[in-house]
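Survey of secondary and tertiary structure
Chain residues, written in single-letter form:
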Amino acid sequence: MSANRQDRINNKSKKKRKRLLAWFLLPILVIGLGGAAYATFLYSKAESVMSKSYKPIERESKRVFKNVPVENTSILFIGVDDSSKRKEGNPRSDALMVATFNKKDKSIKLLSIPRDSYVHIPEKNIYTKITHAHAYGGVKLTLDTVEELLDMPINYYVKMNFNAFMDVINALGGIDANVPYTFTEQDSKDHKGAITLQKGMQHLNGEQALALARTRHYDSDIYRGQRQQEIMKAILSQATSVKNVTNYSKVIEAVGKNMTTDLTFDQMLSFIKYLQAGSGLNTQSLTIKGSDDTINGIYYYKLDQVSLDETKLILKNHLLGKTSTSSSDTTGTSQ
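All figures in this text were calculated on a predicted structure; none of them were measured in a lab.

Phe165, Leu212 and Ile235 are the most contacted members of the largest nonpolar core, which has 49 residues in total. No other element matches helix H6 (residues 162-171), which puts seven residues into this core. Setting aside chain neighbours within four positions, we find Leu212 in contact with Ala177, Asn178, Val179, Pro180, Phe183, Leu197, Leu204, Arg227 and Ile231. Formed by 30 residues, the second largest nonpolar core is a distinct cluster that contains Leu111, Val119, Val139 and Leu320.

Here you go:
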């Protein structure tokens, strides 16, 4: 990977991490934004909806760290594209992010794993893109693959699909977003040429926002990721505006029906309190260095072994409550 491309990734990753965590747990976050009576209603609704999203995975982690404080934990966030073309079997994962939590230090370490990373897929015993793990074996194999890659236990998972993305935006009455260029894209049902957007600031519904987030024919995956970050900011800005308090019930339903997790409702609430620690909470973004590579005519992102080893050590020390001795592959932000 070129230095300029790596710099763009690092710069853009600094500010998005806490927002991404908030996005995955948005149904609970909105509870505190309304009046007392409405908040009570939302709490009850969220508890009911989230209980339907509870999907524990039958698995036994092959990675165990001894002497990890009970309050320290790790979560894998999985984003998938469940469009109609991909309904047969499991879709590939479109986004993977690992978060480790250290309660004593009031800190979070966040690592995004590039979807094209060249890794070993256990059970299948093959080397391919990490995005394929979910297609081969769903959440379980994705968890096993990430655990093997990082040599650490993953305690919980949260998986969401693009339908939640659209439904939340529609429940909020749309979002304002800047369209960098005029383009035509397929819709969520894979109908070609169904969405056309003009260059400039636009008010977008769910289908239009998804088209903006997915298109990559006119630039690259790097810029695609940047657009997704900007759309996420617009969603959160709209979600926290007073005029949308009455729409939170729809938001909770939208996310609940498109999310699965092995976190209980009470556990989700405890993480929300953790995230709401304010300025006392330190959030650090981690990146694994790598380079572009082509094997048998297929593009891969080859992870740098030294950078990977240092990242693994940082995450392990964070869970164990130890001070990390290396940060050469990290970009940190206190939030």
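Now for the packing of aromatic side chains. As enumerated under the stated definition, the model contains three aromatic pairs in all. When the ring of Tyr181 is compared with that of Phe183, the centres are 5.9 Å apart and the planes differ by 70°; the resulting orientation is edge-to-face. Each of the two residues, Tyr181 as well as Phe183, counts as buried. Among the aromatic residues, those joined into a ring-pair cluster are Tyr118, Tyr127 and Tyr300.

With that settled, consider the pairing of strand S12 (residues 282-286). Counting buried residues along S12, four of its five residues qualify, which places the element largely inside the surrounding structure. As paired elements, strand S3 (residues 107-112) and S12 share five bridges and run parallel to each other. Pairing of Leu111 across the sheet is with Leu286, part of S12.

Calculation criteria
Residues numbered from 1 in each chain as written. Predicted model: local features only at pLDDT ≥ 70, side-chain atom pairs only at ≥ 80, totals over all residues. Heavy atoms only, no water. Core = buried A, V, L, I, M, F, W, Y, C linked by side-chain atoms within 4.5 Å. Buried < 20%, exposed > 50% of the residue type's maximum accessible area, 1.4 Å probe, protein only. Helix = DSSP H or I, 4+ residues; strand = E, 2+ residues; numbered from the N terminus. Contact = heavy atoms within 4.5 Å. Phe/Tyr/Trp six-rings, centres within 6.5 Å; stacked < 30°, edge-to-face > 60°. Pairing = 2+ DSSP bridges.

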